[in-house]
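# A closer look at the structure
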Amino acid sequence: MNTARHNRFNTFAAHGVLILYTLIALFPVFVIVINSFKTRKAIFREPLAMPNADSFSLIGYETVLKQGDFFLYFQNSMIVTVGSLFFILLFGAMAAFALAEYRFKGNLMMGLYLALGIMIPIRIGTVAILEMMVQTGLVNTLWALILVYTAQGLPLAVFILSEFMRQVSDDLKNAGRIDGLSEYRIFFRLVLPLVRPAMATVAVFNMIPIWNDLWFPLILAPAEEVKTLTLGSQVFIGQFVTDWNAVLSALSLAILPVMALYVIFSRQLIRGITSGAVK
Amino acid sequence: MADDLNKPKFRWHIVVFLAPAVLVYSAVMIYPLFNTLRLSLFTEVDQERVYVGLQNFKTLFGQTVWSDQFWNALANNFWFFVIHMLVQNPIGIALAAILSHPKLRFAAFYRSAIFIPTILSFVIVGFAWKLILSPIWGIAPGMLDAVGLKSLYAPWLGKEAYALTTLSLVSVWQFVGIPMMLIYAALLSIPDEILEAAEVEGITGLSAFWKIKLPLILPSIGIISILTFVANFNAFDLIYAAQGALAGPDFSTDILGTFMYRTFFGFQLQLGDPHMGSTIASAMFAIILIGVCLYLFGIQSRMRRYQF
């Protein structure tokens, strides 16, 4: 009897703490989004009220869409993110397969060499990266960003994917070899489809940091036509600091795509983390 | 014939599989990393690169114009890290402990909602908090007023004494989801038999957490600490988005990332100096390396791994 009451109290307390923290986590996003739909007066008079017939206004969004080239920024971010993910997954899976499947001299050393980059942030090398991009004429192109993010994502991708590839059954691969499949076919036809869940995990881990990065776009590709959405909204907001409608609308527009990605991939992301892919 | 079988052919496919990853990784990550370390030994005289040995390091640590800024940024960075360790990780562990309760309802909902700030970009987070804490808009003072604490309000981001702590807490708010998820995963992997055995002995609830679960998740806490360390010591985006490259007020929020950016890229009237930028990057590299080595050799190797 006593323990039952005790348990109910515990459950109640647990929900109380979690609801409180959920409110703390969501409150800023909520405030920004609701105020982006209000008139300037209403934003200041009652910042916490929902927009109603009186206070509703899209003036901020109009300014943003007129002044900033958000569709172009969005497109750039898409190209950079999808391009980097493609190369991370393709190159990462190939290298992971080589390390997991074959015994050769230097296998262990190669694995350690590729794993170095998990702990050392690529930003440390920025000065030389910029110099190299200037020399090769890649500065202010999306290729510069794709290359950097690919290099940044590869170490963890190789590490995670090779763990998974070790679990693919040898019998299957040997059956393929007896049937005369080349090593390339074994990789692309037999092994890749089997590690798809792991590839999805790697993709989700890399997607958000690439999409949100400010450092490399700022340094390697600050020109107007190659700005990513993160840099574009940063510059836009910096210019329109006093126009609260425009700033709030720009923030809401920047939140939108990430939220959409999160809603689509959150199960994958959470399953990836909780399955212990990162140890 | 027999000779042919004994001498295996060179397996070109291994090279083909490894080459793209190794090339991109070496060319864009490893080579620039060492090139940056090398560039710190040079300086520019009359538009030509001249080797000067450790002169840049002497400037960085010897001239007060530089060394004051460096120690300021380093001290700020340590404070930034300390706040993450003392606030972010305990909150993350507490949330994970509550979430991992087997009969808790809506756990998936809470988990997803609390993780949302982590997926937002620093630009959004920096500006959103700047607006909310701003004295012009009045959300923060208004809310404090509602609970009768209006006197506690100050324009935190504009005051030298509070700005860094406030930004650290904003960063904590953003990243609490990561320790929460990792610890949650570690807690779920504890086998039920251990917890049941403890229950038979009468160890339940909080004491089960302190005596059984916490020791078992210590390796995960170690990993989270080193991840936090590396992330904090090359942080840049949040400070830049909220306070700009000058990391105001009066450099009170300057950390190594913003200091390196200003030096290397230049700002306002100061011209960018890639060689001093490389010097600062090398110092950051050394700091991160020391941290990682301390973790690998000092902490991880001594920790007992529990295999189930």
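In this report, the structure presented in the accompanying data block is examined. Just so it is clear, the model here is predicted, and its values are computed rather than measured. (Residues numbered from 1 in each chain as written. Chains lettered and ligands numbered in written order. Predicted model: local features only at pLDDT ≥ 70, side-chain atom pairs only at ≥ 80, totals over all residues. Heavy atoms only, no water.)

### Quick look at the overall build of chain A
Scanning chain A from N- to C-terminus turns up 13 helices and zero strands. Going residue by residue from the N terminus, the α and β elements of chain A occur as α-α-α-α-α-α-α-α-α-α-α-α-α. Taking 2.2 N^0.38 as the reference for a compact globule, 279 residues should give roughly 19 Å; the C-alpha atoms of chain A span a radius of gyration of 24 Å, well beyond that estimate. Its C-alpha atoms give chain A principal-axis dimensions of about 75 × 75 × 35 Å. Across the 279 residues that make up chain A, the buried fraction comes to 52%. For chain A, long-range pairs separated by at least 24 residues make up 71% of all intrachain contacts whose partners lie at least 6 apart in sequence. Looking at chain A as shown, the accessible area adds up to about 13,500 Å², and 66% of this sits on carbon and sulfur atoms. Each charge class in chain A was averaged separately, 20 positive and 15 negative side chains, and the resulting centres sit 9 Å apart. (Helix = DSSP H or I, 4+ residues; strand = E, 2+ residues; numbered from the N terminus. Rg over C-alpha atoms; globule rule 2.2 N^0.38 Å. Buried < 20%, exposed > 50% of the residue type's maximum accessible area, 1.4 Å probe, protein only. Contact = heavy atoms within 4.5 Å. Areas by Shrake-Rupley, 256 points an atom, 1.4 Å probe, with all protein chains shown as cover. Lys, Arg positive; Asp, Glu negative; His and termini not counted. Charge placed at Lys NZ, Arg CZ, Asp CG, Glu CD.)

### Section: the pattern of salt bridges
Residue and element names in this part refer to chain A. Scanning all chains against the criterion turns up 10 salt bridges over all chains. When the shortest N-O distance is used, the salt bridge between Glu183 and Arg177 registers 2.8 Å. Glu183 gets classed as buried once you look at its relative accessible area, which sits at 15%. The class of Arg177 is partly exposed, set by a relative accessible area of 26%. One network of salt bridges, in which partners are shared, links Glu101, Asp170, Lys173, Arg177 and Glu183. (Salt bridge = Lys/Arg side-chain N within 4 Å of Asp/Glu carboxyl O.)

### As for helix 14 (residues 274–300) of chain B
Spanning 27 residues, helix 14 of chain B covers 36 Å between terminal C-alpha atoms, matching the ideal 39 Å at 1.5 Å per step. Between the side-chain oxygen of the N-cap and the backbone nitrogen of His275(B) there are 2.9 Å, and the N-cap of helix 14 of chain B in question is Asp273(B). (Expected span 1.5 Å × (residues − 1). Polar contact = N/O pair within 3.5 Å; in protein donor to acceptor, adjacent residues only side chain to side chain.)

### Digging into unusual backbone geometry
The phi dihedral of Asp46(B) is positive, around 50°, even though this residue is not glycine. Residue position: Asp46(B) is located in the loop between strand 1 (42–45) and strand 2 (48–51).

### Quick word on the pairing of strand 1 of chain B
Pairing of strand 1 of chain B with strand 2 of chain B, which is carried by four bridges, proceeds in the antiparallel orientation. Bridge pairing in strand 2 of chain B links Glu44(B) to Arg49(B). (Pairing = 2+ DSSP bridges.)

### Here we look at a nonpolar patch on the surface
Residues and elements named next belong to chain A. Residues Phe74, Met78, Ile79 and Val82 make up a contiguous nonpolar surface patch of about 330 Å² in total accessible area. Locating Phe74 in the fold gives a position in helix 4 (residues 70–101). Overall, the relative accessible area of 33% leaves Phe74 in the partly exposed class. (Patch = residues over 30% accessible without salt bridge, like charges linked within 9 Å, V, L, I, M, F, W, Y side chains within 5 Å.)

### As for the interface of chain A and chain B
Of the residues lining the interface, 83 residues belong to chain A; the matching set on chain B comes to 82 residues. Buried area between chain A and chain B, both sides added, is near 7,800 Å², and the carbon and sulfur share of it is 82%. Viewed at the interface, chain B and chain A are joined by two salt bridges. For the salt bridge of Arg49(B) with Glu131(A), the shortest nitrogen-to-oxygen distance reads 2.6 Å. Inspection of the chain A/chain B interface yields 17 residue pairs in polar contact (both at pLDDT 80 or more). Ranked by residues supplied to the side of chain A that touches chain B, first place goes to helix 1 (residues 2–35) of chain A with 16 residues. Residues that form the side of chain A that touches chain B fall into these classes: 64 nonpolar, 13 polar and six charged. (Buried area = accessible area lost by both parts, 1.4 Å probe. Nonpolar A, V, L, I, M, F, W, Y, C, P; charged D, E, K, R; others polar.)

### So, the side chain of Thr22(A)
In this structure, Thr22(A) sits in helix 1. If near-sequence neighbours (up to four positions away) are discounted, Thr22(A) is found in contact with Phe109(B), Tyr110(B), Ala113(B) and Ile114(B).

### Description of the nonpolar core
Judged by nonpolar contacts, the single largest core of 185 residues is most densely connected at Val148(A), Phe216(A) and Leu220(A). When sequence neighbours within four positions are dropped, the list of residues in contact with Leu220(A) reads Ile129(A), Leu130(A), Met133(A), Val139(A), Asn140(A), Ala144(A), Leu145(A) and Val148(A). (Core = buried A, V, L, I, M, F, W, Y, C linked by side-chain atoms within 4.5 Å.)

### Things to note about a negative patch on the surface
A grouping of Asp192(B), Glu193(B), Glu196(B) and Glu199(B) is seen on the molecular surface, where their side chains present a negatively charged patch. Considering the arrangement of structural elements, one finds Asp192(B) in helix 10 (residues 192–200).

### Section: the packing of aromatic side chains
What characterises a pair of aromatic rings is the spacing of the ring centres plus the angle enclosed by the ring planes. Residues and elements named next belong to chain B. Counted by the stated rule, this structure contains 43 aromatic pairs over all chains. Taking the centre distance of 4.7 Å and the plane angle of 35° together, the rings of Phe229 and Phe233 count as tilted. One end of the pair is Phe229 and the other is Phe233, both in helix 11 (residues 205–233) and four residues apart, which spans about a single turn. Given the relative accessible area of 10%, Phe229 is considered buried. Overall, Phe233 belongs to the buried group, its relative accessible area being 1%. (Phe/Tyr/Trp six-rings, centres within 6.5 Å; stacked < 30°, edge-to-face > 60°.)

### Digging into the environment of Tyr261(B)
Its place among the elements puts Tyr261(B) in helix 13 (residues 256–265). For Tyr261(B), a relative accessible area of 7% gives the class buried. The spatial distance from the C-alpha of Tyr261(B) to the C-alpha of Pro274(B) is 9.8 Å, given a sequence separation of 13 residues. The contacts of Tyr261(B), once residues within four sequence positions are left out, are Trp215(A), Leu218(A), Ile219(A), Phe236(B), Tyr240(B), Ala245(B) and Gly266(B).

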